[in-house]
Amino acid sequence: MNAVIDTLRFSDKLQKGGFTSEQANVLARALGDELTEQLATKEDIKALKGDIRALQGDIRGLNAKFNYTMALIGLLVALELIPVAGMVLG
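Residues numbered from 1 in each chain as written. Predicted model: local features only at pLDDT ≥ 70, side-chain atom pairs only at ≥ 80, totals over all residues. Heavy atoms only, no water.

1. Examining the packing of helix 1 (residues 7–16) against helix 2 (residues 21–37)
When two helices pack together, their arrangement is captured by the angle between the axes and the distance separating the axes. Quick note on the threshold: Fitting a line to C-alpha atoms yields each axis, with helices limited to the stretch in contact; the angle taken between N-to-C directions then spans 0 to 180 degrees. Numbering of helices and strands runs from the N terminus; a helix is a DSSP stretch of H or I covering at least four residues, while a strand is a stretch of E covering at least two. Roughly parallel means an angle under 35 degrees; roughly antiparallel, over 145; roughly perpendicular, 65 to 115; everything else is oblique. In this scheme, a crossing is called left-handed if the near helix is turned counterclockwise away from the far one by less than a right angle; it is called right-handed if the turn is clockwise. Whether two residues are in contact is decided by their heavy atoms: any pair within 4.5 Å suffices. Classification used: nonpolar for Ala, Val, Leu, Ile, Met, Phe, Trp, Tyr, Cys and Pro, charged for Asp, Glu, Lys and Arg, polar for all others including Gly.
It is at 8 Å that the axes of helix 1 and helix 2 come closest, and there the two elements cross at 140 degrees. Considering the angle they form, helix 1 stands oblique to helix 2. Crossing geometry of helix 1 relative to helix 2 is assigned as right-handed. Packed against helix 1, whose contacting residues are Thr-7, Phe-10, Ser-11, Leu-14 and Gln-15, the element helix 2 presents Ser-21, Ala-24, Asn-25, Leu-27, Ala-28, Leu-31 and Gly-32 at the interface. Among the residues making up the contact of helix 1 with helix 2, the classes are represented as six nonpolar, six polar and no charged.

Right under this line is the structure:
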């Protein structure tokens, strides 16, 4: 797995700042591990893309159903099979 940070360089900076070698190494490894655990993996991203595609398909299906329903309502109104509130039909 790729490192999120250069732990060796980070450890060197800590040592220059006064940490012991052991303290710096432990802290650098711990920070690198924590940051790495928070990253999405390629598999996570692929799964998310699949979920998004499925939702897009659902939305397209709902949109088609909505358009069909609105067209049907329009037809029923035009044929005066359903009344329109407040409208006087002559």
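2. What to know about the side chain of Thr-36
The criterion, for reference: Here a polar contact is recorded for every N or O atom pair within 3.5 Å, except that within protein the pair must consist of a potential hydrogen donor and a potential acceptor, and residues adjacent in sequence are included only if both atoms are side-chain atoms.
With respect to the helices, strands and loops of the structure, Thr-36 is situated in helix 2. Looking at Thr-36, its side chain comes within polar contact range of the main-chain oxygen of Gly-32, at 2.7 Å.

3. Considerations on the confidence of the model for the protein chain
The test is simple: Confidence scores here are pLDDT values: one per residue, from the predictor, ranging 0 to 100.
Chain-level pLDDT for the protein chain is 89 on average; 91% of the residues reach the 70-or-more range. Mean pLDDT across the elements of the protein chain ranges from a minimum in helix 2, with 92, to a maximum in helix 1, with 95.

4. Considerations on a positive patch on the surface
Where we set the bar: Patch members must show over 30% relative accessible area and no salt bridge, and they are joined within 9 Å when carrying like charges or within 5 Å when they are nonpolar side chains of Val, Leu, Ile, Met, Phe, Trp or Tyr. Values of accessible area rely on a 1.4 Å probe in the Shrake-Rupley scheme; residue burial ignores everything except the protein chains shown. Salt-bridge detection follows one rule: a side-chain nitrogen of Lys or Arg within 4 Å of a carboxyl oxygen of Asp or Glu. Under the counting rule used here, the positive set is Lys and Arg, the negative set is Asp and Glu, and His together with the chain ends is not counted. To locate a charge, take atom NZ for lysine, CZ for arginine, CG for aspartate or CD for glutamate.
Taken together, Lys-42, Lys-46, Lys-49 and Arg-53 make up a surface patch of like positive charges. Note that Arg-53 resides in helix 3 (residues 42–78).

5. Overview of the environment of Ala-54
Residue placement: Ala-54 occurs in helix 3. Between the C-alpha atom of Ala-54 and that of Asp-33, which follows or precedes it by 21 residues, the distance is 33 Å.

6. Some thoughts on a nonpolar patch on the surface
Heads up, the condition is: In this scheme, a residue with accessible area under 20% of its type's maximum is buried, one over 50% is exposed, and one in between is partly exposed, where area comes from a 1.4 Å probe on protein chains only.
A contiguous nonpolar patch, built from Tyr-68, Leu-72, Leu-75, Leu-79 and Leu-81 and spanning about 540 Å² of accessible area, is present on the exposed surface. Structurally, Leu-79 is set in the segment after helix 3. By relative accessible area, Leu-79 is classed as exposed at 51%.

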